[in-house]
Amino acid sequence: MGETRAQTVFERVVLPVLMVAGVLALVLAARNALARSPRFVVDPAAVEVMARPAWLSDASAQAVAAELAVVLGGPASLLGREELAGWAAQLQSGSAWVAAVEAVESRFPFQADVRVVLRRPVLALPGGWLVTAEGHVVAGDPAGVEPAPLFCRRETPDAGALECAAAAGDILPLRAELDALGLEIAEVELGGEGLVAFVTASGVRIEWGRSSRASAFSQFDLPPAGRLANLRDVLTRHPGLRGVAEVKLWYDRPQVTPGP
């Protein structure tokens, strides 16, 4: 009778527990095997650009993608979200190109969708640096950005270069309109008292004024919208700025210096 009772307890309690433990062990073993399977692993080295901003060329987009692949490091498992979730933090902190990470999603087999918002360079320095209007410094080919970042002769991305970049960002929305009017802005420079100036391809100097980024006195200058309105006003009176040597935009009314 005692032996029969012991057998019953074993069959009703111990045996199911052992079976459940056996099933769990099989599931874990299968999961570990899947984690090592190429179909469940995504490798950032095999990056492919599916979409890019209109202002960035395909070649430059490929170069940025290659940089981001290095930031992500080695392969990640598609099982679970821990490793892919870590990609978002790595992208956000590991590359100045990335302004925001919109999504990192797994796609079976061996793929992941990574969608990021890129920062747009507006200034190019001789050392090969590109600078965004917000002051972020990235490395890249200025020929891959449209419109081309304005050239600045400062050798390093110092505080003066960041001032110029902020002004270049202010005038960026007007670049296409100015090109259509035959006014090509080529360079941007920082003069005395922190005054930023643009220089056209024909050599006309457009004194923009102090940048709002770091100047304590910029609040006393005309706002960027007012300066752009001043430039439009000058262009109606001097198409293409022909016959103009210099124009100052940061006053309430533009000041025009005639040229040859």
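Above: the structure in question.
Residues numbered from 1 in each chain as written. Predicted model: local features only at pLDDT ≥ 70, side-chain atom pairs only at ≥ 80, totals over all residues. Heavy atoms only, no water.

K.L.:
I keep staring at the environment of L174 and nothing clicks. Help me out?
P.N.:
Tracing the backbone shows L174 in the loop between α4 (159-171) and α5 (175-180). For L174, a relative accessible area of 2% translates into the label buried. When the C-alpha atoms of L174 and R232 are compared, they prove to be 9.8 Å apart, with 58 residues separating the residues in sequence. Once you skip the residues sitting within four places of it in the chain, L174 turns out to touch L228, L231 and R232. (Helix = DSSP H or I, 4+ residues; strand = E, 2+ residues; numbered from the N terminus. Buried < 20%, exposed > 50% of the residue type's maximum accessible area, 1.4 Å probe, protein only. Contact = heavy atoms within 4.5 Å.)

K.L.:
Which parts of the structure should I look at to understand the environment of E246?
P.N.:
You can see E246 is positioned in strand β12 (residues 244-248). Look at E246 and you get buried, because its relative accessible area is 17%. Between the C-alpha atom of E246 and that of V256, which follows or precedes it by 10 residues, the distance is 6.0 Å. Not counting residues up to four positions away in its chain, the partners in contact with E246 are V204, R205, E207, Q255, V256 and T257.

K.L.:
What exactly am I supposed to notice about the packing of aromatic side chains here?
P.N.:
For any pair of aromatic rings, the description consists of the separation of the ring centres together with the inter-plane angle of the planes. Summed over all chains, the structure comprises two aromatic pairs. Ring centres of F198 and W208 lie 5.7 Å apart, and the angle between their planes is 65°; on these two criteria the pair is classed as edge-to-face. One end of the pair, F198, is in strand β10 (residues 195-200); the other, W208, is in strand β11 (residues 205-210), and 10 residues separate them in sequence. For the pair F198 and W208, one class covers both residues: buried. Geometrically, the ring pair formed by W250 and Y251 is stacked, given 4.3 Å between the ring centres and 25° between the ring planes. (Phe/Tyr/Trp six-rings, centres within 6.5 Å; stacked < 30°, edge-to-face > 60°.)

K.L.:
How should I be thinking about the pattern of salt bridges in this particular structure?
P.N.:
The full count for this structure, using the stated rule, is seven salt bridges. Of the charged contacts in the structure, one is a salt bridge between R232 and E177, with a shortest N-O distance of 3.1 Å. Taken together, the residues span a long stretch of sequence, with R232 in helix α6 (residues 224-237) and E177 in helix α5 at a distance of 55 residues. On the basis of relative accessible area, R232 is assigned to the partly exposed category, the value being 37%. A relative accessible area of 33% places E177 in the partly exposed class. (Salt bridge = Lys/Arg side-chain N within 4 Å of Asp/Glu carboxyl O.)

K.L.:
Explanation requested: the nonpolar core in the structure shown.
P.N.:
One broad trend across soluble globular proteins is that nonpolar side chains are buried collectively. Core analysis: the largest hydrophobic core is formed by 31 residues, its most contacted members being L123, I171 and F198. Contributions of two or more residues to this core are made by β5 (121-124), α4, β9 (185-190), β10, β11, α6 and β12. When near neighbours in sequence (up to four residues on either side) are disregarded, I171 contacts L150, L178, I185, F198, L228 and L231. Of all hydrophobic cores here, the second largest spans 20 residues; its members include W55, L56, A76 and L130. (Core = buried A, V, L, I, M, F, W, Y, C linked by side-chain atoms within 4.5 Å.)

K.L.:
What should I look at first to understand the packing of helix α2 (residues 58-72) against helix α3 (residues 82-94) in this one?
P.N.:
Helix-helix packing is described using two parameters, namely the angle between the two axes and the distance between the axes. Contact geometry of α2 with α3 gives a least axis separation of 9 Å together with a crossing angle of 120°. Looking at the two axes, α2 sits oblique to α3. Crossing geometry of α2 relative to α3 is assigned as right-handed. Residue-level contacts link L68, V71 and L72 of α2 to W87, Q90, L91 and G94 of α3. Each residue belonging to the contact of α2 with α3 can be placed in one class, and the counts come to five nonpolar, two polar and no charged. (Axes fitted to C-alpha atoms, helices over the stretch in contact; angles between N-to-C directions. Parallel < 35°, antiparallel > 145°, perpendicular 65-115°, else oblique. Left-handed = near helix turned anticlockwise from the far one by under 90°. Nonpolar A, V, L, I, M, F, W, Y, C, P; charged D, E, K, R; others polar.)

K.L.:
Quick question: what am I supposed to make of α2 here?
P.N.:
An α-helix turns once every 3.6 residues. As a result, residues three or four positions apart point the same way. Compared with the 21 Å implied by 1.5 Å per residue over 15 residues, the 21 Å span of α2 between its first and last C-alpha is a close match. Of the residues making up α2, those classed as buried are S60, A61, V64, A65, L68, A69 and L72. In the core, the buried residues of α2 are packed alongside α3, β3 (98-107) and β4 (111-118). (Expected span 1.5 Å × (residues − 1).)

K.L.:
What is the right way to look at unusual backbone geometry in this model?
P.N.:
Residues other than glycine predominantly adopt negative phi, and peptide bonds predominantly adopt the trans conformation. At the junction of E146 and P147, the peptide bond is cis and its omega measures out at -5° in the coordinates. Inspection of the secondary structure assignment puts P147 in the loop between β7 (137-139) and β8 (150-151). The backbone of E193 shows a phi angle near 60°, a positive value even though the residue is not glycine. Turning to its location among the elements, E193 is positioned in the loop between β9 and β10. Using a relative accessible area of 69% as the deciding quantity, one classes E193 as exposed.

K.L.:
Can you help me understand α4 in this one?
P.N.:
An ideal rise of 1.5 Å per residue puts 18 Å on 13 residues; α4 measures up with 19 Å between its terminal C-alpha atoms. Burial within α4 is extensive, with 11 of its 13 residues counted as buried.

K.L.:
Is there a simple way to explain the pairing of β11 in this structure?
P.N.:
Put simply, side chains in a regular strand alternate between the two faces of the sheet. With five of its six residues buried, β11 lies for the most part within the structure. Pairing geometry for β10 and β11, over five bridges, is antiparallel. When the sheet's bridge partners are listed, L195 is paired in β11 with R210. Between β10 and β11, which pair antiparallel one after the other, the connecting turn spans four residues, and G203 there sits at a positive phi close to 95°. Pairing of β11 with β12, which is carried by three bridges, proceeds in the parallel orientation. If you follow R205 over to β12, its bridge partner there is E246. (Pairing = 2+ DSSP bridges.)

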